[in-house]
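Here's the letter readout for the chains.
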Amino acid sequence: MRFDLHQVLDSARDGVFIVGRDHRLVLFNHACEELYNVSRQDVVNKACWKLSDFEKSWKEAARAGGRISYGELGAKKERMVLPHKSGKQVWVETIYTPILDEENNEIAYVMGVIKDITELKDMEREKERLQQEIGKIRGELGSKYDFSSIVGRSAPIMQVMKLAAEVAQENTTVMLVGESGTGKELVAKAIHYNSRRADKPFVALNCSAFPETLIESELFGYEKGAFTGAEKTKPGKIQLAYGGTLFLDEVTEMSPATQAKILRVIQEREFEPLGSVKPQRADIRIIAATNKDLEALVKKGQFRDDLFYRLFVYPIVIPPLRERPEDLGPLIDHLLEKFNHDMAKRIQGISPEALGMLKSYHWPGNVRELQNVMERLMILSKGEVIQVEDLPRYVVESMKLNHSREPETNDGIPPGFSLEDTVNQFEGRIIQKALKQCGHNKSRAANLLGLSRSTFRYKLSRLKGFENRN
Ligand SMILES: Nc1ncnc2c1ncn2[C@@H]1O[C@H](COP(=O)(O)OP(=O)(O)O)[C@@H](O)[C@H]1O
Ligand SMILES: [Mg+2]
């Protein structure tokens with residue numbers, strides 16, 4: 001087959017031109033015509049002064065007098081904008097390559113290859129815009145999860161904030177211990193957004209939300225084909241958190257095998273996605289959380305002791321809301337303001353009686369429960385001030401019980417006192433205590449209280465029924 005160089009070059013998508021020593025164009029392919037919006041008859045054999053940017057490069061080459069090496073000139077790249085006939089601006093990148101006349105050891109020609117990089121330029125611009133946006137959002141998130149977002153000025157919560165602020169800047173693993181709803185995740189975010197990793201992701205994994213078999217693929221990710229159904233490679237939370245913080249919530253819910261793998265991540269900063277043998281670096285800071293007595297689980301052999309020591313480097317205990325009643329007032333004010341804003345309402349406040357009841361309630365669900373109660377109150381409340389009648393029944397009932405705690409310190413029997421409720425409540429507390437003491441083993445708790453197992457179970461179910469009552 002005959003081979004026509006011009007024809008071949010004309011079908012190339014990139015622009016190709018060649019200029020001789022006399023600055024005259026000797027070749028100008030079809031793509032060049034399109035890009036420069038000139039016809040080749042008008043430019044070939046003419047000095048290419050129109051291609052001013054090329055000229056610069058040619059002069060450079062000429063100045064070098066042919067003594068320039070391929071390596072030095074070959075890499076010369078230039079980016080510029082060409083006004084396209086469509087009216088749009090076209091970004092091009094030209095790579096100049098000298099063609100040497102080996103006999104005379106001088107540059108005989110210079111070849112330019114021009115690529116339309118408009119799409120690439122658009123992508124670069126979009127990337128820059130997204131990066132700016134991410135920076136802005138991270139900044140907003142940062143202030144949302146600043147320590148100032150943690151409401152409450154009681155001594156215990158101040159201590160939590162002090163400990164958290166002191167460790168934030170380090171890469172130290174932090175263990176947050178506290179009942180559900182006490183604000184563990186909130187504190188974890190405050191630590192992250194006040195750390196040197198603040199502009200990198202905060203990624204949370206709730207270990208109790210996944211069956212054991214799925215936790216590992218959530219954590220470590222997997223390679224395509226690692227198991228049936230793994231149709232494409234999926235990054236795990238460790239990869240997603242790269243450079244940032246991984247929050248391991250309910251960390252006690254990990255299987256022994258996963259515990260061993262997490263231990264390796266902490267010790268060696270390495271892991272392998274499922275189905276891969278290539279170790280990857282884990283550049284993460286770990287913040288773990290639990291509402292269980294981790295030490296007790298270690299003693300029972302349900303949690304690895306070596307992992308326990310790695311996680312318990314810097315424990316922060318967040319006390320339940322009932323142990324810091326001073327925080328209730330500020331939290332309620334904060335929630336009133338938040339929900340007024342979110343729901344476009346104008347509820348002024350809470351009547352003193354209703355506030356008193358909220359303060360004497362024992363808040364088993366802590367701040368999360370308070371948040372839910374306040375939200376419901378503000379949806380349902382008709383007036384400008386929340387009244388006792390608006391409160392959920394279980395809060396009011398618990399108020400009666402609390403009143404009855406110390407009837408002998410009062411002058412008489414307080415209003416609303418009920419002997420039955422008082423006895424039930426006392427019994428409930430004893431049962432809870434026994435259960436706690438026996439590590440929630442019902443037979444042992446029954447034994448401890450001198451009850452048969454069936455009586456104990458009956459009392460326990462009654463207690464649960466009472467707690468769930470609304
Ligand atoms: N001290 C606090 N100030 C303001 N909001 C809080 C506080 N503690 C908890 N919250 C809110 O209560 C809810 C539950 O907190 P979260 O951090 O998820 O608790 P945990 O992780 O301990 O279960 C969240 O909406 C959180 O923002
Ligand atoms: Mg939580």
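Scoring rules and cut-offs
Residues numbered from 1 in each chain as written. Chains lettered and ligands numbered in written order. Predicted model: local features only at pLDDT ≥ 70, side-chain atom pairs only at ≥ 80, totals over all residues. Heavy atoms only, no water. Pairing = 2+ DSSP bridges. Helix = DSSP H or I, 4+ residues; strand = E, 2+ residues; numbered from the N terminus. Axes fitted to C-alpha atoms, helices over the stretch in contact; angles between N-to-C directions. Contact = heavy atoms within 4.5 Å. Patch = residues over 30% accessible without salt bridge, like charges linked within 9 Å, V, L, I, M, F, W, Y side chains within 5 Å. Areas by Shrake-Rupley, 256 points an atom, 1.4 Å probe, with all protein chains shown as cover. Salt bridge = Lys/Arg side-chain N within 4 Å of Asp/Glu carboxyl O. Lys, Arg positive; Asp, Glu negative; His and termini not counted. Charge placed at Lys NZ, Arg CZ, Asp CG, Glu CD. Buried < 20%, exposed > 50% of the residue type's maximum accessible area, 1.4 Å probe, protein only. Near = heavy atom within 4 Å. Polar contact = N/O pair within 3.5 Å; in protein donor to acceptor, adjacent residues only side chain to side chain. Nonpolar A, V, L, I, M, F, W, Y, C, P; charged D, E, K, R; others polar. Domains from an automatic or database assignment. Core = buried A, V, L, I, M, F, W, Y, C linked by side-chain atoms within 4.5 Å. pLDDT = per-residue confidence, 0-100. Expected span 1.5 Å × (residues − 1).

Colleague: Any chance you could break down the sheet that holds strand 6 (residues 174-177) for me, citing the residues and the numbers?
Modeller: On the basis of which strands lie adjacent, the open sheet formed by 5 strands has the order 7-10-13-6-14 and parallel pairing. Looking at which strands have only one partner, the edges of the open sheet turn out to be strand 7 (202-206) and strand 14 (315-317). Ignoring strand direction, the axes of neighbouring strands in this sheet form an average angle of 20°. Relative to the sheet, helix 7 (residues 155-168) contacts strand 6, strand 13 (285-290) and strand 14, its axis offset from that of strand 14 by approximately 155°.

Colleague: Could you give an account of the side chain of Glu 216, with specific residues and numbers?
Modeller: Within the fold, Glu 216 resides in helix 9 (residues 212-220). Among residues more than four places away in sequence, those in contact with Glu 216 are Gly 221, Ala 257, Thr 258, Lys 261 and Leu 274.

Colleague: Kindly report on a positive patch on the surface, identifying the contributing residues and their values.
Modeller: A cluster of like positive charges, contributed by Lys 442, Arg 453, Arg 457 and Lys 464, occupies part of the molecular surface. In terms of residues, the positive patch owes the most to one element, helix 20 (residues 453-468), which gives 3 residues. Take Lys 464: it is sitting in helix 20. The class of Lys 464 is partly exposed, set by a relative accessible area of 45%.

Colleague: A description of the site of ligand 1 should follow, citing residues and the corresponding values.
Modeller: Neighbouring ligand 1 are 15 residues; Val 151, Gly 181, Lys 184, Leu 186 and Arg 368 lie closest to it. Within the contact set of ligand 1, an oxygen atom lies 2.8 Å away from a backbone nitrogen or oxygen of Gly 181. Separating an oxygen atom of ligand 1 from a backbone N or O atom of Lys 184 is a distance of 2.8 Å. Out of a free accessible area of 560 Å², ligand 1 has 85% covered by protein chains. Sorting the residues of the shell around ligand 1 by element identifies helix 8 (184-193) and helix 16 (366-380) as the ones contributing at least two each. By residue class, the composition of the shell around ligand 1 is 5 nonpolar, 6 polar and 4 charged. When residues are assigned to domains, the shell around ligand 1 turns out to be shared by domain 2 (136-319) and domain 3 (322-391), each giving three or more.

Colleague: Can you break down the pattern of salt bridges residue by residue, with the values?
Modeller: Opposite charge on two side chains lets them pair, provided their charged atoms get close. Counted according to the given criterion, the structure contains 25 salt bridges. With its nearest N and O atoms 3.9 Å apart, the salt bridge here joins Arg 40 to Glu 33. Notably, a salt bridge pairs Arg 281 with Asp 283, separated by 3.9 Å at the nearest N-O pair. Looking at Arg 281, the relative accessible area reads 53%, which means it is exposed. If you follow the salt bridges from partner to partner, you end up with Arg 79, Glu 93, Lys 121 and Glu 124 in one network.

Colleague: Pulling in residues and values, what's your account of the nonpolar core?
Modeller: Core analysis: the biggest nonpolar cluster contains 30 residues, and Leu 219, Ile 238, Leu 248 and Leu 311 have the highest contact counts within it. At the level of elements, strand 6, strand 7, helix 9, strand 10 (245-249), helix 11 (256-268), strand 13, helix 12 (294-299) and helix 13 (305-311) are the ones that each hand at least two residues to this core. With 4 residues, helix 11 is the single largest residue contributor to this core. With near-sequence residues (within four places) excluded, Leu 311 lies in contact with Thr 173, Val 174, Met 175, Val 251, Ile 266, Ile 286, Ala 288 and Phe 303. Core analysis: the next-biggest nonpolar cluster, separate from the first, contains 24 residues, Leu 331, Ala 354, Trp 363 and Val 373 among them.

Colleague: Explain the confidence of the model for the protein chain residue by residue, including any values.
Modeller: Within the protein chain, residue pLDDT values average 84, and 87% of them lie at 70 or more. Taken together, the stretch residues 49-55 has pLDDT below 50 and engages in 14 contacts with residues farther than four places along the chain or on a different chain. A low-confidence stretch, residues 66-74 (pLDDT under 50), is modelled with 17 contacts involving residues beyond four sequence positions or located in other chains.

Colleague: I'd like a description of helix 18 (residues 419-437), backed by residues and values.
Modeller: The end-to-end C-alpha distance of helix 18 is 27 Å, a good match for the 27 Å that 19 residues give at a rise of 1.5 Å each. Buried within helix 18 we find Thr 422, Gln 425, Gly 428, Ile 431, Ala 434 and Leu 435. A positive backbone phi angle near 60° is found at Gly 439, which sits one or two residues after helix 18.

Colleague: Talk me through the pairing of strand 6; I want residue IDs and the actual numbers.
Modeller: Of the two faces of strand 6, the one carrying Val 174 and Leu 176 and the one carrying Met 175 and Val 177 are both buried. Pairing of strand 6 with strand 13, which is carried by 4 bridges, proceeds in the parallel orientation. Each residue of the ladder has a partner; that of Val 177, found in strand 13, is Thr 290. Note that strand 6 and strand 14 share 3 bridges and pair parallel. When the bridges of strand 14 are listed, Met 175 appears paired with Pro 315.

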